[in-house]
Amino acid sequence: MTAQQFASDNYAGICPAAFNAMMEANSGSAVSYGQDNWTSRAADALRRAFEHDADVYFVFNGTAANSLALASLCRSYESIIAADFAHIETDECGAPEFFSNGAKILTVPTQNGKLSPLAIRTITESRNDIHFPRPAVVTITQPTETGLLYTLDEIQSISTTCRELGLKLHMDGARFANAVAALNCSPADMTWRVGVDVLCCGGTKGGMGIGEAVLFFNRDLARGFDYRCKQAGQLASKMRFLAAPWVGMLQEGRWLDYARHANSSARLLSRLLQDVDGIQLVYPVEANAVFISMPPDVGLKLRSRGWLFYEFIGGAARFMFAWDADRNRIEKLAQDIRECSYSDTGS
Ligand SMILES: Cc1ncc(COP(=O)(O)O)c(C=O)c1O
Ligand SMILES: C[C@H](O)[C@H](N)C(=O)O
C-alpha cells in the first residue's frame, strides 16, 4: 500500500459509510437503470437532506454532472459565466461546450476564483449584439478551486443579480459537504434558499468510489435531463451501486463528519507550517485545501522525498485533505516541508 498522499481528495479510498452501503446493496437482483429501490431511497434521502422536493439524478463523475447540468441551462448559442479558475474552464476538456453543443464559457478574471455580482453584471451587459453569445447561466464553485467559500450572503447577492439579468445559477459542489461543514449551515441554506437553481453535489471527493448527484431545485430545468444522461453515457445500468453510497453517507450525517475531518486536517497543516521560513499560505484555509508558496528547490526536495502535489493554480503547491487524512502523515508532511525549507535557507 502506498503511503498516504494529499495531492487531491481524489486519491483517497472509499469511506466505510459508502462501502458498507455498497455491500448492503450488493444482494440479489435489482431493477436496472435507476428503477431500483436504492436509487429511490438515495433520491429521497437527498430530498430530505435538502428539505426540498428536488429532481435528483446520479452520474459517474463531476465533469459529466457539470457539463450536462449546464447544457440543461443554456442553448448552444448562449454562454456560461464562470470565474477564470473554474474547473469547467480549466479541467473538463471542453465537455461543457461539447454537451451544450457549443455554448461558450465566458471567463471572468478573479484574484481568488470567486465571482462577484458586479463582475457578472459587467460581462452580461458588456454586449447585446447578435455576434455575442448571450449569457444564460452563471456557475460558481463552492468551495472554490482555491479552497475558499462563498458566504451565504455572497451567494444570495449573486443569485439576486442573476435574477435581475435573467440568468440561471449553477453550483459546482464537487466538495459541497466540506462547504456545509465549514459554514455550519444546512444544505438548503447554501442552495435553493439563496437562489441556486441546480447543484452538482460531489460524492467522489466526499468519500465515494464514484458518483455525483445532480439536484434540480427548479424542476422545469430538468426537462429531458434523463435523456441527456442516457445519450451522454451517464445512465448506469446498475444504478443501485451509484445510489447506495449516498444512502450510507447521508445516514446520521456521516458525509458531514467526514467533511469536518478533512477540513480540520487542512487547518492542522496550516498551523504546523505557520512559523516555517519561506512558506506562505497563498489563500486562507476555509475548507479542505491548503495552498502554499515555497521556493522552487524546496518543492523539488519535497518531491524527492516522495510527496506528490499539484501546482496548477498560480504555481502554488496544493494539499487537499479527504475523509481519511491521517494525522501522522500530515505531521510528516509538515516536518518534511520544514526540513526542506531549512536546508534551503541553511538555518
Ligand atoms: C472543483 C471541481 N469540480 C468538478 C470536479 C469533477 O471532476 P471529475 O470529472 O474529475 O470528477 C473536480 C475534480 O476533482 C473539481 O475539483
Ligand atoms: C484538478 C483535478 O482535475 C481534480 N479536479 C482535483 O481537484 O484533483
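Residues numbered from 1 in each chain as written. Chains lettered and ligands numbered in written order. Predicted model: local features only at pLDDT ≥ 70, side-chain atom pairs only at ≥ 80, totals over all residues. Heavy atoms only, no water.

Re the site of ligand 2
And step 1. Near ligand 2, the surroundings consist of Ser-8, Asn-10, His-87, Asp-91, Arg-175, Tyr-310, Phe-312 and Arg-318.
And step 2. For ligand 2, an oxygen atom lies 2.8 Å from a polar atom in the side chain of Ser-8.
And step 3. Arg-175 places a polar side-chain atom, nitrogen or oxygen, 2.9 Å from an oxygen atom of ligand 2.
And step 4. Looking at the shell around ligand 2, its residues break down into two nonpolar, three polar and three charged. (Near = heavy atom within 4 Å. Polar contact = N/O pair within 3.5 Å; in protein donor to acceptor, adjacent residues only side chain to side chain. Nonpolar A, V, L, I, M, F, W, Y, C, P; charged D, E, K, R; others polar.)

Some details on the environment of Ser-270
And step 1. Within the element layout of this structure, Ser-270 appears in helix α11 (residues 254-272).
And step 2. Distance from Ser-270 to Asn-61, taken between C-alpha atoms, is 29 Å for residues 209 residues apart in sequence. (Helix = DSSP H or I, 4+ residues; strand = E, 2+ residues; numbered from the N terminus.)

Topic: a nonpolar patch on the surface
And step 1. A cluster of nonpolar side chains, Tyr-11, Leu-308, Tyr-310 and Phe-312, forms an exposed patch at the surface whose accessible area comes to about 380 Å².
And step 2. Inspection of the secondary structure puts Tyr-11 in the segment before α1 (16-25).
And step 3. For Tyr-11, a relative accessible area of 41% corresponds to the partly exposed category. (Patch = residues over 30% accessible without salt bridge, like charges linked within 9 Å, V, L, I, M, F, W, Y side chains within 5 Å. Areas by Shrake-Rupley, 256 points an atom, 1.4 Å probe, with all protein chains shown as cover. Salt bridge = Lys/Arg side-chain N within 4 Å of Asp/Glu carboxyl O. Buried < 20%, exposed > 50% of the residue type's maximum accessible area, 1.4 Å probe, protein only.)

Describing the UniProt feature "domain: Aromatic amino acid beta-eliminating lyase/threonine aldolase" (unreviewed entry) in the protein chain
And step 1. Cross-referencing UniProt, the feature "domain: Aromatic amino acid beta-eliminating lyase/threonine aldolase" (unreviewed entry) maps to residues 5-293 in the present numbering.
And step 2. Taken end to end, residues 5-293 is 39% helix and 16% strand, and its two terminal C-alpha atoms sit 18 Å from one another. (UniProt positions renumbered as here; feature names shortened; annotations may be inferred.)

Comments concerning the sheet that holds strand β4 (residues 134-141)
Think of a sheet as strands paired side by side through backbone hydrogen bonds, with each pair either parallel or antiparallel.
And step 1. Strand order in the open sheet made by the seven strands is β1-β7-β6-β5-β4-β2-β3, with mixed pairing throughout. Where the open sheet ends on each side, the last strands, each with one partner, are β1 (55-59) and β3 (104-108). Across this sheet, the average inter-strand angle for adjacent strands is 20°, counted without regard to direction.
And step 2. By the bridge criterion, four bridges tie strand β2 (residues 78-83) to β4 in an arrangement that is parallel. When the bridges of β4 are listed, Ser-79 appears paired with Pro-135.
And step 3. Seen against the sheet, helix α3 (residues 62-73) touches β1, β2, β4, β5 (168-173), β6 (198-202) and β7 (212-216) and runs at an angle of roughly 175° to β5.
And step 4. The strands touched by helix α6 (residues 117-124) are β2, β3 and β4; relative to β3, the strand with the most contacts, the crossing angle is about 130°. (Pairing = 2+ DSSP bridges. Axes fitted to C-alpha atoms, helices over the stretch in contact; angles between N-to-C directions. Contact = heavy atoms within 4.5 Å.)

Topic: α3
And step 1. Look at α3: 16 Å from first C-alpha to last across 12 residues, which is about the 16 Å you get at 1.5 Å a residue.
And step 2. The element α3 is largely enclosed, with a buried count of 11 among its 12 residues.
And step 3. Of all the positions in α3, only Gly-62, Ala-64, Ala-65, Asn-66, Ser-67, Leu-68, Ala-69, Leu-70, Ala-71, Ser-72 and Leu-73 are classed as buried. (Expected span 1.5 Å × (residues − 1).)

A closer look at the site of ligand 1
And step 1. Residues in contact with ligand 1 amount to 13 residues; listed here are only the nearest, Asn-10, Thr-63, Asp-172, Arg-175 and Lys-205.
And step 2. Between ligand 1 and Thr-63 there is a distance of 2.6 Å, counted from an oxygen atom to a side-chain nitrogen or oxygen.
And step 3. Between ligand 1 and Lys-205, the relevant distance is 3.1 Å, taken from an oxygen atom to a side-chain nitrogen or oxygen of the residue.
And step 4. In the complex, 84% of the free accessible area of ligand 1, which totals 390 Å², lies under the protein chains.
And step 5. In terms of residue count, α3 provides more of the shell around ligand 1 than any other element does, three residues in total.

Focus on the sheet that holds strand β11 (residues 316-320)
And step 1. Here four strands make up an open sheet; going across it, the order is β8-β9-β11-β10 and the pairing antiparallel. At either end of the open sheet lies a strand with only one pairing partner, and these are β8 (280-281) and β10 (310-313).

Here we look at the pairing of β2
And step 1. Taking burial as the measure, the six residues of β2 include six buried ones, the bulk of the element.
And step 2. Both faces of β2 are covered, namely the face carrying Glu-78, Ile-80 and Ala-82 and the face carrying Ser-79, Ile-81 and Ala-83.
And step 3. Here β2 runs beside β3; their pairing, made up of five bridges, is parallel. Each residue of the ladder has a partner; that of Ala-83, found in β3, is Val-108.

Here's the deal with the side chain of Asn-288
And step 1. Residue position: Asn-288 is located in the loop between β8 and β9 (289-293).
And step 2. Here Asp-9 takes part through its side chain, which lies 3.2 Å from a polar atom of the side chain of Asn-288.
And step 3. Ignoring sequence-local partners within four residues, the contact set of Asn-288 consists of Asp-9, Arg-175, Asn-178, Ala-262, Asn-263, Ala-266, Phe-319, Met-320 and Phe-321.

Here's the deal with the packing of aromatic side chains
And step 1. Under the criterion given, the structure shown has 15 aromatic pairs.
And step 2. By the ring-pair criterion, three or more aromatic residues cluster together here, those being Phe-50, Phe-176, Phe-217 and Trp-255.
And step 3. Just above the ring of Trp-38 sits the side chain of Arg-41; from NZ or CZ to the centre is 4.3 Å.
And step 4. The aromatic ring of Tyr-150 is capped on one face by Lys-114, whose charged end is 5.3 Å from the ring centroid. (Phe/Tyr/Trp six-rings, centres within 6.5 Å; stacked < 30°, edge-to-face > 60°. Lys NZ or Arg CZ within 6 Å of the ring centre and 35° of its normal.)

Considerations on the pattern of salt bridges
And step 1. Applying the stated criterion across every chain yields a total of 22 salt bridges.
And step 2. In this structure, Asp-129 engages Arg-127 in a salt bridge whose closest nitrogen and oxygen atoms are separated by 2.7 Å.
And step 3. Since its relative accessible area comes to 39%, Arg-127 is described here as partly exposed.
And step 4. In this structure, the salt-bridge partner of Asp-336 is Lys-332, at a minimum N-O distance of 2.8 Å.

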